[in-house]
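# Results of the structural survey
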Amino acid sequence: QAQLVESGGGLVQAGGSLRLSCAASANIFSSHVMGWFRQTPGKEREYVAAIRWGAGTTYYADFAKGRFIISRDKAEKMVYLQMNSLKPEDAALYFCARGNSYSVIPSSYSIWGQGTRVTVSA
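Residues numbered from 1 in each chain as written. Predicted model: local features only at pLDDT ≥ 70, side-chain atom pairs only at ≥ 80, totals over all residues. Heavy atoms only, no water.

## So, the overall build of the protein chain
Here is the rule: Only DSSP runs of H or I with at least four residues qualify as helices, and only runs of E with at least two residues qualify as strands; both kinds are numbered from the N terminus onward. Each radius of gyration reported is based on C-alpha atoms, and the globular scaling rule is 2.2 Å times the count of residues to the power 0.38. The buried label goes to any residue with under 20% of its type's maximum accessible area, the exposed label to any with over 50%, and the partly exposed label to all in between, with areas taken from a 1.4 Å probe on protein chains only.
Scanning the protein chain from N- to C-terminus turns up zero helices and eleven strands. Helices (α) and strands (β) of the protein chain occur, in sequence order from the N terminus, as β-β-β-β-β-β-β-β-β-β-β. Scaling as 2.2 N^0.38, a compact globule of 122 residues should have a C-alpha radius of gyration of about 14 Å, and the protein chain matches this with 13 Å. Over its C-alpha atoms, taken along the principal directions, the protein chain stretches across nearly 40 × 25 × 25 Å. Each of the 122 residues in the protein chain was classed as buried or not, and the buried ones make up 43%.

## Some words on the packing of aromatic side chains
Inclusion rule: Only Phe, Tyr and Trp rings are paired, with Trp represented by its six-membered ring, and only when their centres lie within 6.5 Å; those with planes under 30 degrees apart are stacked, over 60 edge-to-face, the remainder tilted. By definition here, charges over rings are those cases where NZ of Lys or CZ of Arg is within 6 Å of the ring centre and within 35 degrees of the ring normal.
Per the counting criterion, the structure on display carries eight aromatic pairs. Taken together, a centroid distance of 5.8 Å and an interplanar angle of 70° make the contact between Phe 37 and Tyr 47 edge-to-face. With Phe 37 in strand β4 (residues 33–39) and Tyr 47 in strand β5 (residues 46–52), the pair connects residues that are ten residues apart, well separated along the chain. Each member of the pair, Phe 37 as well as Tyr 47, is classed as buried. Considering the side-chain rings of Tyr 109 and Trp 112, the 6.3 Å spacing of their centres and the 65° angle between planes classify their relative orientation as edge-to-face. A relative accessible area of 24% places Trp 112 in the partly exposed class. Put simply, the rings of Phe 37, Tyr 47, Tyr 59, Phe 95, Tyr 102, Tyr 109 and Trp 112 touch in pairs and so form one group of aromatic residues. Looking at Arg 38, its charged tip hangs above the ring of Phe 63, at a distance of 3.8 Å from the centre. Note that Arg 45 overlies the ring of Trp 112, its terminal NZ or CZ placed 4.7 Å from the centroid.

## Examining the sheet that holds strand β7 (residues 68–73)
Our working rule: At least two bridges found by DSSP between two strands is the condition for calling them paired. Angular values range over 0 to 180 degrees, each being the angle between N-to-C directions of two axes fitted as lines to C-alpha atoms, with helices fitted over their stretch in contact.
With antiparallel pairing, four strands are arranged side by side in an open sheet as β1-β3-β8-β7. Strand pairing shows two members of the sheet lacking a second neighbour, β1 (4–7) and β7, which therefore form its edges. Ignoring which end each strand starts from, the neighbouring axes of this sheet average 15° apart.

## Describing unusual backbone geometry
Of note, Lys 77 is a non-glycine position whose phi angle comes to about 55°, a positive value. Secondary-structure assignment places Lys 77 in the loop between β7 and β8 (78–83). For Ser 85, which is not a glycine, the phi torsion comes out positive at approximately 50°. Mapping Ser 85 onto the fold places it in the loop between β8 and β9 (92–99).

## Concerning the state of the cysteines
The cut-off we apply is this: For this text, the term disulfide refers to a pair of cysteine sulfurs within 2.5 Å.
Under the counting rule described, the total for this entry stands at one disulfide. Disulfide partner of Cys 22: Cys 96, at an S-S distance of 2.0 Å. Measuring handedness by torsion sign, the sulfur bridge of Cys 22 and Cys 96 sits at about 60° and is right-handed. One end of the pair, Cys 22, is in strand β3 (residues 18–24); the other, Cys 96, is in strand β9, and 74 residues separate them in sequence. Taking relative accessible area as the criterion, Cys 96 reaches 0% and is therefore assigned buried.

What follows is the structure in structure tokens.
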């Protein structure tokens, strides 16, 4: 059974919105950080946003600031990524991941979901 499962991807027009969800069956503790990353063919995995599980402190990549919002529901063990004003360059496979501390480096996260695909039409 997958420990993290993403959902909510799909096709959206440029300028539109989409909300991604990540359901965790793995334990998530106050010290953990949950992150969202994305990847397109031929490119390395790219940091999008992160949230400290306990305090709820949020962090964003520059391209995500003002457009994306990361949030979590501790009781439900859910992580969300609300994406607004989507651009064609946002199209990618989006992953959620669990890490021990805040980082923008993918290798710092030990548990990953399978990803959910986001397509943005011009």
